[in-house]
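For reference, the chains in residue letters:
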Amino acid sequence: MADKNKKNKIEITDKQSSIRNYMKNILWTKDIIDVHGNILNLDRFRAEVDVAISNCEVKMLQYATIDGVVTDREMYSILVGELEYLRTLATHTTNFYDLKQNPIISYEDLPKHNNLGKIKDVLDIMRSKIADWLMR
């Protein structure tokens, strides 16, 4: 009896990292990305991600009725998270990893703008308008 319950029990893992690892392994074994996550063939990368997206959408249809009522909310929510990840992955063009594709830029690394010239221009315009108004 205990073995039956073990077989029927579904263990939910962290699906965001599961789908990430699954896609990384699939793309790496098909030589679409290299060990560092660099995309070697963008067309094959997008095609493989599109296949994964369509497979995820088909799985989502299995957990919903014709009326759109979800029968298994837990599995459906996992698939929604996977679909969201796959859609963001489809936008990648250079690297598989999010932080290498879109690195975080700190405030110190942003170019410094000299706003003093703009402020002087605005002050000159304001002075001329005030002077015109006082002359009237």
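Position numbers for residues count from 1 along each chain, tracking the sequence in the order it is written. In keeping with the model being predicted, local features are shown solely for residues with a pLDDT of at least 70 and side-chain atom pairs are shown and tallied solely at 80 or more, while totals for entire chains, interfaces and linings include all residues. Each side-chain value is derived from all of the structure's non-hydrogen atoms; neither hydrogens nor water enter the calculation.

Visitor: It is not clear to me how the overall build of the protein should be interpreted in this structure. Could you clarify?
Guide: Tallying secondary structure elements over the protein gives six helices and zero strands in all. Each helix corresponds to a stretch of at least 4 residues labelled H or I by DSSP, and each strand to a stretch of at least 2 residues labelled E; elements are numbered beginning at the N terminus. Ordering the α and β elements of the protein from the N terminus gives α-α-α-α-α-α. Relative to its 136 residues, the protein shows a buried fraction of 19%. Any two residues whose heavy atoms approach within 4.5 Å are treated as being in contact. Taking contacts inside the protein between residues at least 6 apart in sequence as the whole, the part at least 24 apart equals 55%. Surface accessibility of the protein: about 11,000 Å² in total, with carbon and sulfur atoms responsible for 57%. For the exposure calls, accessible area comes from a 1.4 Å probe over protein chains only, and a residue counts as buried if that area is under 20% of its type's maximum, exposed if over 50%, partly exposed in between. Accessible surface area values rest on a Shrake-Rupley calculation with a 1.4 Å probe, where residue burial reflects the displayed protein chains alone.

Visitor: Just to check I follow, could you spell out the layout of surface pockets for this structure?
Guide: Over the atoms a probe the size of a water molecule is rolled, and this reveals where empty space is left. The computed volume of the largest pocket comes to approximately 190 Å³. Every definition here rests on a 1 Å grid over the protein atoms only: cavities are sets of points where a 1.4 Å probe fits but cannot get out, pockets are open sets enclosed by protein on both sides within 12 Å along at least five of seven lines, and lining residues have some atom within 4 Å of a point. In terms of lining residues, the largest pocket is bounded by 13 residues, among which Tyr 22, Met 23, Ala 52, Asn 55 and Lys 59 are the most central. Counting only elements with at least two residues in the lining of the largest pocket, the list comes to α2 (15-29), α3 (42-62) and α4 (73-89). Amino acids outside the nonpolar list (Ala, Val, Leu, Ile, Met, Phe, Trp, Tyr, Cys, Pro) and the charged list (Asp, Glu, Lys, Arg) are all regarded as polar, and Gly is one of them. Split by residue class, the lining of the largest pocket holds eight nonpolar, one polar and four charged. Grid points are joined across faces, edges and corners, and a volume is the space filled by probe spheres set on the points.

Visitor: How should I be thinking about the nonpolar core in this particular structure?
Guide: Nonpolar side chains in soluble globular proteins tend to end up buried together. Note on terminology: a nonpolar core comprises buried Ala, Val, Leu, Ile, Met, Phe, Trp, Tyr and Cys residues joined through side-chain atoms within 4.5 Å. Grouped together as the largest cluster of nonpolar side chains are 18 residues, with contacts concentrated most on Met 23, Leu 27, Phe 45, Leu 86, Leu 89 and Phe 96. Those elements giving two or more residues to this core turn out to be α2, α3 and α4. With six residues, α3 is the largest single contributor of residues to this core.

Visitor: Is there a simple way to think about α4 in this case?
Guide: In an α-helix there are 3.6 residues to a turn, and that puts residues three or four apart on one side. Counted at 1.5 Å a residue, the expected span for α4 with its 17 residues is 24 Å, and the 24 Å between its end C-alpha atoms agrees. Inspection of α4 places Ile 78, Leu 79, Gly 81, Glu 82, Leu 83, Tyr 85, Leu 86 and Leu 89 among the buried residues, and these make up the whole buried set. Here, expected helix span is obtained from the residue count minus one, scaled by 1.5 Å.

Visitor: Can you walk me through the side chain of Glu 48 in this structure?
Guide: In this structure, Glu 48 sits in helix α3. What Glu 48 contacts, discounting residues up to four positions off in sequence, is Met 23, Ile 26, Leu 27, Lys 30 and Ile 32.

Visitor: Sorry, what's going on with α3 here?
Guide: For α3, built from 21 residues, the straight-helix expectation of 30 Å at 1.5 Å per residue is met to within 8% by its first-to-last C-alpha distance of 31 Å. Those residues of α3 not exposed but buried are Phe 45, Glu 48, Val 49, Ala 52, Ile 53, Cys 56 and Met 60. Along the axis of α3, the buried positions cluster into a sector of 140°, meaning they face one direction only. Of the residues in α3, the exposed ones pointing more than 90 degrees away from the buried face are Asp 43, Leu 61 and Gln 62. The directions considered for the arc run from the helix axis to the C-beta atoms.

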